[in-house]
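Inside the fold
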Amino acid sequence: MSTVWQTRVRRLVAALGLGVVVWGAQAQSTDPLVVGEVIARDRCAVCHGPCGQGVAANFPRLAGQNPQYLANQLKAFARGERKDTAMTEKVKGLSDSDIEAVAEYYARQKPGHTPSGDELLLAVGRFVYERGNRHSGLPPCATCHGPGAAGTTELPRLAGQHPQYIVRQVQAFKERGGSRDNAIMRVMSHRLSELELEAVAAYLGNLK
């Protein structure tokens, strides 16, 4: 082997070795954000994307989510209080600090959104979200979720969420499917018409 090729091989081996060292250091890091990033990449990215933007509309966007809310939901999956076969498997073996780290990582990612050009539908959605429907006894969604739907420690960020995902979750509350049950959301889901639900979901998905 020529001296040139020997040099190139040594450099390649060194580079690969460095990569292993860097990955190992990252995996063993005590920095919560690094730990959270590793967990997100290794366990969550296939469905939620590496930055929490969601691969498809059947998976929620996690970027920009309130970290305490997200951590609480992950812990609920770990305890079996929320039931989902895939999520139960993903949180298996994670400590509370691991869960809090990945929640904080996602909270710091840039939120996404689903732009809509249907101005009339967005106007209906905004009206229902902010003012409800007095004729059907539907209170404003903003009463609980706030004017910007940014989320709290108890309620999820809805701004920028996949519209189809929002629709499915509201329908799950209506059907009391799985572990999705909440007295307020159950009432809201029954009083929302299909058009109102579609409009509100589009409005929320359009928010940044």
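Scroll up to find the structure.
Just so we're clear, the structure is a prediction, and the values are computed from it rather than from any experiment. (Residues numbered from 1 in each chain as written. Predicted model: local features only at pLDDT ≥ 70, side-chain atom pairs only at ≥ 80, totals over all residues. Heavy atoms only, no water.)

Right, let's get into the side chain of H162. Looking at the element boundaries, H162 is found in the loop between α7 (142–145) and α8 (163–175). Among residues more than four places away in sequence, those in contact with H162 are Q53, G54, A56, A57, F59, R61 and T114. (Helix = DSSP H or I, 4+ residues; strand = E, 2+ residues; numbered from the N terminus. Contact = heavy atoms within 4.5 Å.)

Moving on: the packing of α8 against helix α10 (residues 194–206). Here α8 crosses α10 at 135 degrees, and the two axes come no closer than 8 Å. The angle between α8 and α10 places the two elements in the oblique class. For the pair α8 and α10, the sense of crossing is right-handed. Residues P163, I166, V167, V170 and Q171 of α8 touch α10, and the partners they reach there are L197, A201, A202, L204 and G205. Taken together, the residues that form the contact of α8 with α10 break down as eight nonpolar, two polar and no charged. (Axes fitted to C-alpha atoms, helices over the stretch in contact; angles between N-to-C directions. Parallel < 35°, antiparallel > 145°, perpendicular 65-115°, else oblique. Left-handed = near helix turned anticlockwise from the far one by under 90°. Nonpolar A, V, L, I, M, F, W, Y, C, P; charged D, E, K, R; others polar.)

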